[in-house]
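Now for the letters of each chain:
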Amino acid sequence: MSKIIQMILTGMFFTFICDFFLFLGIKENYINKHDIALYYNVLFADHQSLLIFLMFTLIIGYVIIYLNSKIALLVVGLLFTLSASTLFPTIGSYVGELLLMKKDISIQTDKFKYHGDLLYNGRKTITFYDYELKKVIILNKNKIQGNY
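Parameters at a glance
- Residues numbered from 1 in each chain as written.
- Predicted model: local features only at pLDDT ≥ 70, side-chain atom pairs only at ≥ 80, totals over all residues.
- Heavy atoms only, no water.
- Pairing = 2+ DSSP bridges.
- Helix = DSSP H or I, 4+ residues; strand = E, 2+ residues; numbered from the N terminus.
- Buried < 20%, exposed > 50% of the residue type's maximum accessible area, 1.4 Å probe, protein only.
- Contact = heavy atoms within 4.5 Å.
- Polar contact = N/O pair within 3.5 Å; in protein donor to acceptor, adjacent residues only side chain to side chain.
- Phe/Tyr/Trp six-rings, centres within 6.5 Å; stacked < 30°, edge-to-face > 60°.

Colleague: Just to check I follow, could you spell out the pairing of strand 3 (residues 125–130) for this structure?
Modeller: The side chains of a regular strand alternate, residue by residue, between the two faces of the sheet. Of the strand pairs in this sheet, strand 2 (residues 113–121) and strand 3 are connected by five bridges, and their pairing is antiparallel. In the sheet register, Gly116 faces strand 3, and the bridge partner there is Asp130. Where strand 2 hands over to strand 3, the hairpin turn is made up of three residues, counted between the paired strands. As judged from the six bridges shared by strand 3 and strand 4 (residues 135–140), these two strands associate in the antiparallel manner. From the neighbouring strand, Asp130 faces strand 4, where its bridge partner is Lys135. Counting the residues that bridge the hairpin from strand 3 to strand 4 gives four residues, and of these Lys134 lies at a positive phi of roughly 55°.

Colleague: What's the story with the environment of Thr86 in this structure? I'm lost.
Modeller: For Thr86, the position within the fold is in the loop between helix 4 (69–84) and helix 5 (89–100). On the basis of relative accessible area, Thr86 is assigned to the buried category, the value being 1%. Between the C-alpha atom of Thr86 and that of Leu24, which follows or precedes it by 62 residues, the distance is 7.7 Å. With residues near it in sequence (within four places) discarded, Thr86 still touches Phe21, Leu22, Gly25, Ile26, Asn29, Ile91, Gly92 and Val95. Within the structure, the side chain of Thr86 is placed 3.3 Å from the backbone oxygen of Leu22, a separation counted as a polar contact.

Colleague: Where do I start with the packing of aromatic side chains in this structure?
Modeller: Centre distance and the angle of the planes are the two values used to describe a pair of aromatic rings. Scanning the entire structure with this criterion turns up eleven aromatic pairs. Summarising the aromatic geometry, the rings of Phe16 and Phe53 are spaced 4.8 Å apart at their centres and angled 45° between planes, so their arrangement reads as tilted. With Phe16 in helix 1 (residues 2–31) and Phe53 in helix 3 (residues 50–66), the pair connects residues that are 37 residues apart, well separated along the chain. A ring pair is formed by Tyr62 and Tyr66, whose centres lie 5.3 Å apart and whose planes are at 35°; its orientation type is tilted. Of the two residues, Tyr62 and Tyr66 are both situated in helix 3; the distance of four residues between them amounts to about one turn of the helix. Judged by its relative accessible area of 38%, Tyr66 falls in the partly exposed class. In this structure an aromatic cluster arises from ring pairing among Phe16, Phe20, Phe21, Phe23, Tyr40, Phe44, Phe53 and Phe80.

Colleague: Sorry if this is basic, but what is going on with the sheet that holds strand 2 here?
Modeller: Strand pairing within a sheet occurs via backbone hydrogen bonds; the two strands may be parallel or antiparallel. Here five strands make up an open sheet; going across it, the order is 4-3-2-1-5 and the pairing antiparallel. Unpaired on one side and paired on the other, strand 4 and strand 5 (144–145) mark the two borders of the sheet.

Following this line, the structure appears as C-alpha cells:
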C-alpha cells in the first residue's frame, strides 16, 4: 500500500514540475507576446485538465517507482525536455496558439460585429484581434451574443 501512495505522490511531484514549465513557456511566449493582462496562477488554474494531470501522475509515478532507473530517467527527462521546450519563443508561442487561440471567428455584441482571432478566452473578458481594426481589443463576456 505504501508503494502505491509513493507512486502517486512521486508522479504528482514530477507532473507539477512539467506543468509548471509548460505553462511558464506559454505565459512568457504567448500571453506576454500579445500583451494579455493575466497572472500565471490564473492561466495555470484555468487550463489544468484534471484527467490529463491524473493520467500523467499515474504514468510517471509508475515509471519512476516500478521500472528500471534508466528507463525512468529517459521517460522523465524526455517529458521534462518537451515541457521545458515551451521556454523557446517559437515553441511556446506555437503551443499557446494551439491551446488558447481560435482563428478566424466572428463575435457579435449589442452594437458591433468583430471578425478576427480570439487570442484568449478569460473568466470575464475575451482578448480578441480584430482584422478590420488591426488591433487587439478586450470584450466583456456579458455583452457578447451567442457562442464564441
